[in-house]
Amino acid sequence: MIKAITGTKDILPSEISKWYLLENTVKNIFSNYNYKEIRTPVFEETLLFSRSIGEGTDIVGKEMYTFSDRSETSITLKPEMTAGVVRAFIEHSLGKQQPLNKLFYISPMFRQERPQAGRLRQFHQFGGEALGSSSMLLDAELIHIAYEILRNLGLKDVRVKINSLGVPSSRENYKNILRKYLADKKNKLSEESRKRLDSNILRLFDSKIESDQEILRNAPLLIDYIDDESKKDFEQVKEFLGKLNVPFETDPALVRGLDYYTKTTFEIVSGKVGSQSALVGGGRYDLLAEQLGGDPTPGVGFAAGIERILLACENEGTLNQHDEKIDLYIVKLDKDLTSELLDLALNFRRKNISVDFDYLNRSVKAQMREANKLNARYVLFLGGEEYKSGSVNLKNMKTGDQKLFALKDFSEMVKIISQ
Ligand code: AMP
């Protein structure tokens, strides 16, 4: 039997209502803040990601799905969205049409990671990107939006963590200081961390290994070495978050993996999803547009993992599935009324009433069982003596009341069912 590829998941009809709820919440909240949706292709030129996310990162180094197509172009399935959004922003000169572009997306992403709870190879993210302003109002706004979405989904056990990475020059200076601090401790670091010393030294702070953490406990912190402007901006983010009533904590070890971040970084973590606890990650990326060949354009954004959020919802007991319902089930009493049945069903459906009926030649009793199983709000009996005199019985399944309607009073039935 052919099965789905490890790390990918089918989203079955029984789960889809939760996805709809989440997606509608995302669309509503973003639209309340006047963000417009953007959709970019699932695959891009590999260079886009290696140039933006950075060669030394886990994503580019070992997680991308990269292949050559028939024209020998190196293609990569998108592992994250920011690079694609900024590429589209430059390609379509969105910055020339308006100075500030506030964008959001919902999309599948692809990373060849070791699958485990909360970590998939095809997963879904929603996120927001604001391009064109250095104002910390946008950093705070995006954190606020992410927080609002999670709260609206009923999540309570979430914590917002923020930090500032400064600008690249202050970061380079700090990396040297950190390297000096670690020079005589190299041998005590884990193998993974020793590798990161050269490739991506800041990521040492992501190590979950106790002995690494012990060494880093007394390490100099980036936040003490960032430039004055970044410091001032960081204070502003905190002030705005306070005004927006978003509880947050500063976390000097929050470094995030991607090269393109400048100044603000943030994560929202859940206490209910195990070790893969980050639901949301984001930050400012003022140099990215220029790095990708566009005009200098400050930007800030976040990405949130939908599967992880749904897992958190499940573990917090929110988003409980409400019973699926259909409006109307038509029970056919006579076998030869198929054409009348189709007409009637079509007319109701065109009035925005959901209708189903029997396709399996079942008995009246079995059709009623099906109507109950589908949670039909109303059942219409088509056939018998009533039909011969131009009428049908309509039964309210909740109250059990049944009423006779002349077929020419179709709009009366529509009115009742639509209530
Ligand atoms: P990142 O771009 O790595 O900061 O990811 C942002 C968010 O996407 C994370 O906080 C997770 O919620 C989610 N995410 C990242 N990688 C995966 C994955 N492999 N499987 C499921 N969700 C993921």
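Notes on the structure follow. (Residues numbered from 1 in each chain as written. Predicted model: local features only at pLDDT ≥ 70, side-chain atom pairs only at ≥ 80, totals over all residues. Heavy atoms only, no water.)

**A look at the site of the ligand**
Put simply, the rule is: To be near a molecule or strand, a residue needs just one of its heavy atoms within 4 Å of it. For this analysis, a polar contact is any N or O atom pair within 3.5 Å, provided that within protein one partner can donate a hydrogen and the other can accept it, and provided that sequence-adjacent residues contribute only side-chain to side-chain pairs. Note on areas: these come from Shrake-Rupley sampling with a 1.4 Å probe, and a residue is covered only by the protein chains present in the view. A run of DSSP states H or I qualifies as a helix once it reaches four residues; a run of E qualifies as a strand once it reaches two. Both are numbered from the N-terminal end. Residues are grouped as follows: Ala, Val, Leu, Ile, Met, Phe, Trp, Tyr, Cys and Pro are nonpolar; Asp, Glu, Lys and Arg are charged; all remaining types, including Gly, are polar.
Around the ligand, 14 residues are found, and the nearest of them are R111, E113, L120, Q125 and R256. E113 places a side-chain nitrogen or oxygen 2.7 Å from a nitrogen atom of the ligand. Between the ligand and L279 there is a distance of 3.1 Å, counted from an oxygen atom to a backbone nitrogen or oxygen. Burial of the ligand by the protein chains amounts to 91% of its free accessible area of 480 Å². Elements with a contribution of two residues or more to the shell around the ligand: β6 (122-131), β10 (278-284) and β11 (299-305). Here the shell around the ligand gets three residues from one element, more than from any other, and that element is β10. Classifying every residue of the shell around the ligand gives six nonpolar, three polar and five charged.

**Topic: the packing of aromatic side chains**
Stated formally: Side-chain rings of Phe, Tyr and Trp, where Trp is taken by its six-membered ring, are said to pair if the distance between their centres is within 6.5 Å; with planes under 30 degrees apart they count as stacked, over 60 as edge-to-face, and otherwise as tilted. Relative accessibility decides the category of a residue: with a 1.4 Å probe and only protein chains considered, values under 20% of the type maximum give buried, values over 50% give exposed, and everything between is partly exposed. The rule is short: NZ of Lys or CZ of Arg within 6 Å of the ring centre and within 35 degrees of the ring normal puts a charge over the ring.
Under the definition given, this model contains nine aromatic pairs. Geometrically, the ring pair formed by F348 and F410 is tilted, given 4.7 Å between the ring centres and 50° between the ring planes. With F348 in helix α13 (residues 338-350) and F410 in helix α16 (residues 410-418), this pair connects stretches of sequence that are 62 residues apart. The exposure class assigned to F348 is buried, which follows from its relative accessible area of 0%. Seen in terms of ring centroids, F357 and Y359 are 4.7 Å apart; in terms of plane orientation they differ by 25°. Their pairing is stacked. Judged by relative accessible area, F357 falls into the buried class, the value being 7%. Ring pairs connect the aromatic residues F30, Y35, F104, F126 and F302, which therefore count as one cluster. Here the basic side chain of K185 rests over the ring of Y181, its NZ or CZ set 3.9 Å away from the ring centre.

**Here we look at the environment of R179**
The test is simple: Contact between two residues is taken to exist if any of their heavy atoms lie within 4.5 Å; hydrogens are not considered.
Summarising the element assignment, R179 is placed in helix α7 (residues 168-182). Taking the relative accessible area as the measure of exposure, R179 reaches 34% and is therefore partly exposed. Separated by 40 residues in the primary sequence, R179 and A219 have C-alpha atoms spaced 9.9 Å apart. Those residues in contact with R179 that sit more than four places away from it in its chain are L197 and I201.

**Observations regarding the pairing of strand β9 (residues 262-270)**
The condition that has to hold: A pair of strands counts as paired when DSSP detects no fewer than two bridges linking them.
In terms of burial, β9 is a largely internal element, nine of the nine residues being buried. Sheet analysis places strand β7 (residues 158-164) next to β9, joined by seven bridges and oriented antiparallel. Residue pairing across strands places S164 opposite T264, the latter belonging to β9. Bridge analysis of β9 against β10 gives six bridges, and the strand direction is antiparallel.

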